[in-house]
Amino acid sequence: MATAAPPPGYVAPGHPHYQHRQMPRLGPFNPNKTHDDPERWICIYPAYLNSKKSIQEGRRIPKDKAVDTPTFEEMKMVLDDAKVDYILERKFYSRERSKELPYIGRFRIHLKDKEGEFI
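Residues numbered from 1 in each chain as written. Predicted model: local features only at pLDDT ≥ 70, side-chain atom pairs only at ≥ 80, totals over all residues. Heavy atoms only, no water.

### Section: the environment of Pro 38
Part 1 of the reasoning: Along the polypeptide, Pro 38 turns up in the segment before β1 (42-44).
Part 2 of the reasoning: The class of Pro 38 is buried, set by a relative accessible area of 14%.
Part 3 of the reasoning: In the structure, Pro 38 is positioned 12 residues away from Leu 26 in sequence and 7.0 Å away in space, judged by C-alpha atoms. (Helix = DSSP H or I, 4+ residues; strand = E, 2+ residues; numbered from the N terminus. Buried < 20%, exposed > 50% of the residue type's maximum accessible area, 1.4 Å probe, protein only.)

### Regarding the pattern of salt bridges
Part 1 of the reasoning: The final tally for this structure, using the stated rule, is 7 salt bridges.
Part 2 of the reasoning: A salt bridge links Asp 80 to Lys 76; the nearest nitrogen and oxygen atoms lie 3.2 Å apart. Taken together, the residues Asp 80 and Lys 76, both in helix α1 (residues 72-81) and 4 residues apart, mark about one turn of the helix.
Part 3 of the reasoning: On the accessibility criterion, Lys 76 (26% relative accessible area) is partly exposed.
Part 4 of the reasoning: Connected via shared salt-bridge partners are Glu 89, Arg 106 and Arg 108. (Salt bridge = Lys/Arg side-chain N within 4 Å of Asp/Glu carboxyl O.)

### Structural notes on the sheet that holds strand β3 (residues 106-109)
Part 1 of the reasoning: The 3 strands are arranged β1-β3-β2 in an open sheet whose pairing can be described as antiparallel. Unpaired on one side and paired on the other, β1 and β2 (86-89) mark the two borders of the sheet. Here the strands of the sheet are splayed against their neighbours by 25 degrees on average, with no regard to which way each runs.
Part 2 of the reasoning: Pairing analysis gives 3 bridges linking β1 to β3, with the strands arranged antiparallel. For Cys 43, the partnering residue across the bridge sits in β3 and is Arg 108.
Part 3 of the reasoning: In this fold α1 packs onto β1, β2 and β3, with an angle of close to 20 degrees to the strand it touches most, β3. (Pairing = 2+ DSSP bridges. Axes fitted to C-alpha atoms, helices over the stretch in contact; angles between N-to-C directions. Contact = heavy atoms within 4.5 Å.)

Structure, rendered in structure tokens:
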């Protein structure tokens with residue numbers, strides 16, 4: 001059985017022109033939803049990984065594993081290279097003092113399957 005040709009304009013994941021899915025409409029948290037639903041995906045802000053921030057300022061990982069002032073563009077490139085499914089939201093971290101463009105962005109990352117096991 002032959003496979004169907006991709007539709008015109010189709011760009012495969014991993015290609016430089018590939019754009020991730022559009023922002024789906026997210027509803028309120030519901031414990032009955034599975035980990036495949038975007039409402040249950042893990043949320044990460046660039047501030048969580050910033051080595052220049054203290055824990056009180058929002059860093060969530062050890063300083064020796066953190067990155068010097070990560071931006072959402074850098075995080076997006078890493079997630080694209082790893083071929084991880086994610087949604088980039090236009091949100092600011094509440095502890096972030098600067099509201100400039102490099103500090104914007106919250107990533108919802110799909111890390112678990114329906115049963116809650118890591119992918």
